[in-house]
Amino acid sequence: MSLLKTILRRASDAILAPFGYEIRRRSSVRWEPVGLDGLIPPRSLWEGPNDPLYWFFGYFWEYRAYLTLLCELRVDHSVLEIGCSHGRTMLALLDYLKPPGRYEGLDIRANKIEFAHNNIHPRYPHFNFTVADVYNGIYNPQGTQKGDTYRFPYEDSSFDVVYAASVFTHLVPGDAANYLKESRRVMRKDGLCLFSFFVLDYYPGPGTSTVSFYEFDHPFADFDGVAVYDSQAPENVIAYKTTVIKTLASQAGLEVLRIIPGFWSKAHKLGVNEQDLILLKAV
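On a predicted model such as this, the values are computed, not experimentally measured, just so you know.

Rules and cut-offs
Residues numbered from 1 in each chain as written. Predicted model: local features only at pLDDT ≥ 70, side-chain atom pairs only at ≥ 80, totals over all residues. Heavy atoms only, no water. Helix = DSSP H or I, 4+ residues; strand = E, 2+ residues; numbered from the N terminus. Buried < 20%, exposed > 50% of the residue type's maximum accessible area, 1.4 Å probe, protein only. Contact = heavy atoms within 4.5 Å. Areas by Shrake-Rupley, 256 points an atom, 1.4 Å probe, with all protein chains shown as cover. Phe/Tyr/Trp six-rings, centres within 6.5 Å; stacked < 30°, edge-to-face > 60°. Patch = residues over 30% accessible without salt bridge, like charges linked within 9 Å, V, L, I, M, F, W, Y side chains within 5 Å. Salt bridge = Lys/Arg side-chain N within 4 Å of Asp/Glu carboxyl O. Expected span 1.5 Å × (residues − 1). Pairing = 2+ DSSP bridges. Axes fitted to C-alpha atoms, helices over the stretch in contact; angles between N-to-C directions. pLDDT = per-residue confidence, 0-100. Parallel < 35°, antiparallel > 145°, perpendicular 65-115°, else oblique. Left-handed = near helix turned anticlockwise from the far one by under 90°. Nonpolar A, V, L, I, M, F, W, Y, C, P; charged D, E, K, R; others polar.

**Some details on the overall build of the chain**
Along the backbone of the chain there are 5 helices and 12 strands. Looking at the chain as a whole, 54% of its 283 residues are labelled buried. Pairs at least 24 residues apart make up 65% of the contacts formed inside the chain by residues separated by at least 6 positions. Accessible surface, the chain: about 13,000 Å² in total, of which carbon and sulfur atoms supply 54%.

Structure representation (structure tokens):
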């Protein structure tokens, strides 16, 4: 079975070659395309270590499209990514953002920030990466700061765009409320946010999601309109009703402009990202 997986993974990676990704040499990632050598982390740092390479490429081209088309990201804008990992969604911005444009990445996992800081920042100094020592029961149980009081390490009104891919899907309500407030604080007026969520309205019940992990049958304690997959570990995956999202956003000084359904739920005939995308404006 292991040999079969290896063959299938290499075959799917090789499909990229005709589309301009010249396969130059073997690496710890299996194959490393020219132009991104040194910027692709070892598979042990990937969100899904067994993901095929085309998934890795899909993330950053996908988010470049979202940021330019939905958030109107310009080449001279300042952009903050919350939960940047090892640079998973921003590599396609390397040749897009030009000084005074800049990128700041924030993540609670020190090993992923270390890779991005050591490998991406030296070649692209206007791309910076910072560790947030915030507690999360799943992703950073050693964190010393609380998510509901954490202050982003950036000045007020310093970003045009703020985005987060699969961060609010792991934040309990108090933490989510604070992250929305902090996002608004560091944004310029009329700036735009793009956050992915699981919208609870789109979950009709067991068997209606693409995978069993995206089932939300346990209400979050003492908070209406929020449900989780695992009541013993709520940060595993969490979903919010639209009314809750809009209320928390409004309290933070953000206006929900658009909700774009994801394909995690079988409730839609249209799905863009795996998760639901929420476009917000700083008011």
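**Here's the deal with the packing of aromatic side chains**
Summed over the entire model, instances satisfying the criterion amount to 24 aromatic pairs. Between Y54 and W55 the ring centres are 6.4 Å apart and the planes differ by 85°, which places this aromatic pair in the edge-to-face class. By relative accessible area, Y54 is classed as partly exposed at 42%. Residue W55 is classed as partly exposed on the basis of its relative accessible area of 41%.

**Description of a nonpolar patch on the surface**
Together, V211, F213 and Y229 make up a nonpolar patch on the protein surface, roughly 230 Å² of accessible area in all. You can see V211 is positioned in the loop between β7 (187-197) and β8 (218-219).

**Section: the environment of K112**
Within the element layout of this structure, K112 appears in helix α3 (residues 110-119). A relative accessible area of 7% places K112 in the buried class. In contact with K112, not counting residues within four places along its chain, are L45, W46, E47, S85 and H86.

**A look at helix α2 (residues 53-69)**
Its 17 residues give α2 an end-to-end C-alpha distance of 25 Å, which sits within 8% of 24 Å, the value for a rise of 1.5 Å per residue. All buried positions along α2 are accounted for by L53, F56, F57, F60, Y63, Y66 and L67.

**Some thoughts on the sheet that holds strand β3 (residues 78-82)**
Taken together, 7 strands build an open sheet; the order of strands is β5-β4-β3-β6-β7-β12-β11 and the sheet is mixed. With partners counted over all chains shown, the strands left at the sheet margins are β5 (127-131) and β11 (254-260), one partner each. Across the sheet, the mean angle from the axis of one strand to that of its neighbour is 20°, orientation sign disregarded. When β11 meets strand β12 (residues 276-282), the two strands line up antiparallel, connected through 6 bridges. Note on β12: the bridge partner recorded for E255 is K281. Across the sheet, α2 touches β6 (159-164), β7 and β12, and the angle it forms with β6 is around 140°. Strands β7, β11 and β12 of the sheet are contacted by helix α5 (residues 242-252), whose axis makes an angle of about 150° with β11.

**Considerations on the pairing of β12**
In terms of burial, β12 is a largely internal element, 6 of the 7 residues being buried. When β7 meets β12, the two strands line up antiparallel, connected through 6 bridges. Following the sheet pairing, S196 is matched in β12 by L277.

**Quick look at the confidence of the model for the chain**
Overall, the prediction assigns the chain a mean pLDDT of 90, with 88% of residues at 70 or greater. Contacts from residues 15-34, a stretch scored under 50 in pLDDT, to residues over four places away or in other chains number 41 contacts.

**Quick look at the environment of V283**
Mapped onto the elements of the fold, V283 is located in the segment after β12. Sequence spacing of V283 and G191 is 92 residues, and the spatial spacing of their C-alpha atoms is 8.2 Å. Excluding residues that lie within four positions of it along the chain, V283 makes contacts with R184, G253, L254 and E255.

**Points about the sheet that holds β8**
With antiparallel pairing, the 3 strands of this open sheet are ordered in space as β8-β9-β10. Unpaired on one side and paired on the other, β8 and β10 (238-240) mark the two borders of the sheet. The sheet contact formed by β8 and strand β9 (residues 226-228) spans 2 bridges and is antiparallel. Paired with P219 across the strands is A227, a residue of β9.

**What about the packing of helix α4 (residues 173-186) against α5?**
Direction vectors running N to C along α4 and α5 enclose 40°, while the axes themselves pass 8 Å from each other. Between α4 and α5, the angle falls in the class oblique. Two packed elements cross with a definite hand, and for α4 against α5 that hand is right-handed. Contacts from A177, L180, K181 and R184 in α4 reach L248, A249, Q251 and A252 in α5. Of the residues that constitute the contact of α4 with α5, the class distribution is 5 nonpolar, 1 polar and 2 charged.

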